[in-house]
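# Structural overview for review
The residues making up each chain are set out below.
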Amino acid sequence: MLDIDDLTPEDLTAILDWAEVMPPPAIMSGRGAALIFEKPSNRTRNSTEMAVVGLGGHPVTIRAEEIGLGVREPIADVTKVLAQYHAVLGARVFDHRVLEEMAALDAIPIVNLLSDVAHPCQALADLLTLRQHWGSLSGHTLAWVGDGNNVARSLTLAAAMAGIGVRLACPAGHAIDEVALDAARGYGAVEVAARPQDAVAGADVVVTDTWVSMGQEAESASRADAFAGYQVDAELMAGASPGAVFLHCLPAHRGEEVTGEVIDGPSSLVWTEAANRMHAARGLLLWMLR
Ligand code: CP
Ligand code: NVA
């Protein structure tokens, strides 16, 4: 699963259903999961490791530099070797094409643990959080305010697939790409709004992400200028529907993409969202490996 549109809408629902199966069956007993990280991680590493443990399996987390992915050994050789020991290979990479190369080998199921293009595991957790909060997904409206990046792309696809109307407000030069937009529009209603206020008007959930993703640190100053006016604050949230909730994949930067008042306030579901990374990862593994 490199992005959400590797799934059908039925698969997506099945994964969310598996995420709530308690107690989870020990389908990974005696099996391993290799988790390669080219970038830092708190939630993704811990939630995926504990999801594997929850299914009776054994996670092995690997920093890319310790195996020299593509340096000490070709990516294909690393993948084929890990396939000898593990039931699944997850990877967090700078370049999405690394995941495509791994998946094309057909040696082992590959899970994208975040790339420059997509963050499907986050989108699964976000839908799980919203389904638990609302009781259903279809017919609700989601507003994305901020960077049209990896997180935005996967969430837009996932929401459209689940029947959630999506409204995107991204600054010029930071919009979600046309290919992803077209793909999402193949599943449901996705609108591009001119201003954050237009995207948020009457929305049931408001979502944002950091203005500076991992690997973009050199662009911090220009990005701060580009994203001025795209902060999710109490005034912006007041334009959403009564009872609207706030999501953020984390790590968050209070005073930049969101105010402390919003992320630490009563409309924020970010801790449930973080907890659901583990449940969604377990649901995904059950769906993939059962
Ligand atoms: N949301 C998320 O992917 O967090 P980490 O970068 O800490 O894994
Ligand atoms: N867009 C962010 C998400 C971090 C979970 C990044 O790629 O760094």
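Within each chain, residues carry numbers counting from 1 in the order of the written sequence. The order in which chains are written sets their letters, starting at A; the order in which ligands are written sets their numbers, starting at 1. Given that this is a predicted model, residues contribute local features only at a pLDDT of at least 70 and side-chain atom pairs are listed and counted only at 80 or more, while totals for whole chains, interfaces and linings are drawn from all residues. Side-chain descriptors were evaluated using all non-hydrogen atoms of the structure, hydrogens and water having been removed beforehand.

### Side note on the pattern of salt bridges
Condition: One speaks of a salt bridge when a side-chain nitrogen belonging to Lys or Arg is within 4 Å of a carboxyl oxygen belonging to Asp or Glu.
Enumeration according to the criterion identifies ten salt bridges in this entry. One salt bridge connects Arg 63 with Glu 65, and the closest N-O pair in it is separated by 3.3 Å. Each of Asp 17, Glu 20 and Arg 131 takes part in one network of salt bridges that share partners.

### So, the site of ligand 1
The condition is simple: A molecule or strand has a residue near it when one of that residue's heavy atoms lies within 4 Å. Distance and chemistry together define a polar contact, namely a pair of N or O atoms within 3.5 Å, with one atom able to donate a hydrogen and the other to accept it when in protein, and with adjacent residues in sequence counting only for side-chain atoms on both sides. Using a 1.4 Å probe, accessible areas were evaluated by the Shrake-Rupley method; residue-level cover was limited to the displayed protein chains. Residues are said to line a cavity or pocket when one of their atoms sits within 4 Å of a point; the points come from a 1 Å grid over protein atoms alone, cavities being sets where a 1.4 Å probe fits but cannot get out and pockets being open sets with protein on both sides within 12 Å along at least five of seven lines. To be counted as sitting in a cavity or pocket, a molecule needs more than half of its atoms within 2 Å of that site's grid points.
All residues adjacent to ligand 1 are Ser 41, Asn 42, Arg 43, Thr 44, Arg 92, His 119, Gln 122, Cys 249, Leu 250 and Arg 277. A distance of 3.0 Å is found between a nitrogen atom of ligand 1 and a side-chain nitrogen or oxygen belonging to Gln 122. In this structure, Arg 277 approaches ligand 1 through a side-chain N or O atom, which is 3.2 Å from an oxygen atom. A total of 260 Å² of accessible area belongs to ligand 1 in isolation, and the protein chains cover 96% of it. Judged by its atoms lying within 2 Å of the grid points, ligand 1 is housed in the largest pocket.

### What to know about the packing of aromatic side chains
Let me state the cut-off plainly: The rule is short: rings of Phe, Tyr and Trp, with Trp giving its six-membered ring, pair when the centres are within 6.5 Å, and they are stacked under 30 degrees, edge-to-face over 60, tilted in between. Strands here are runs of E lasting at least two residues and helices are runs of H or I lasting at least four, both read from the DSSP assignment and numbered beginning at the N terminus. To sort residues, take the accessible area from a 1.4 Å probe on protein chains only and compare it with the maximum for the residue type: under 20% means buried, over 50% means exposed, and anything in between is partly exposed.
Considering all chains together, one arrives at one aromatic pair under this definition. Judged by centre distance (5.7 Å) and plane angle (15 degrees), the rings of Trp 211 and Phe 227 are stacked. Within this pair, whereas Trp 211 is found in the loop between strand S8 (205–208) and helix H10 (220–226), its partner Phe 227 is found in the loop between H10 and helix H11 (234–238), the two being separated by 16 residues in sequence. Judged on exposure class, the residue Trp 211 and its partner Phe 227 are both buried.

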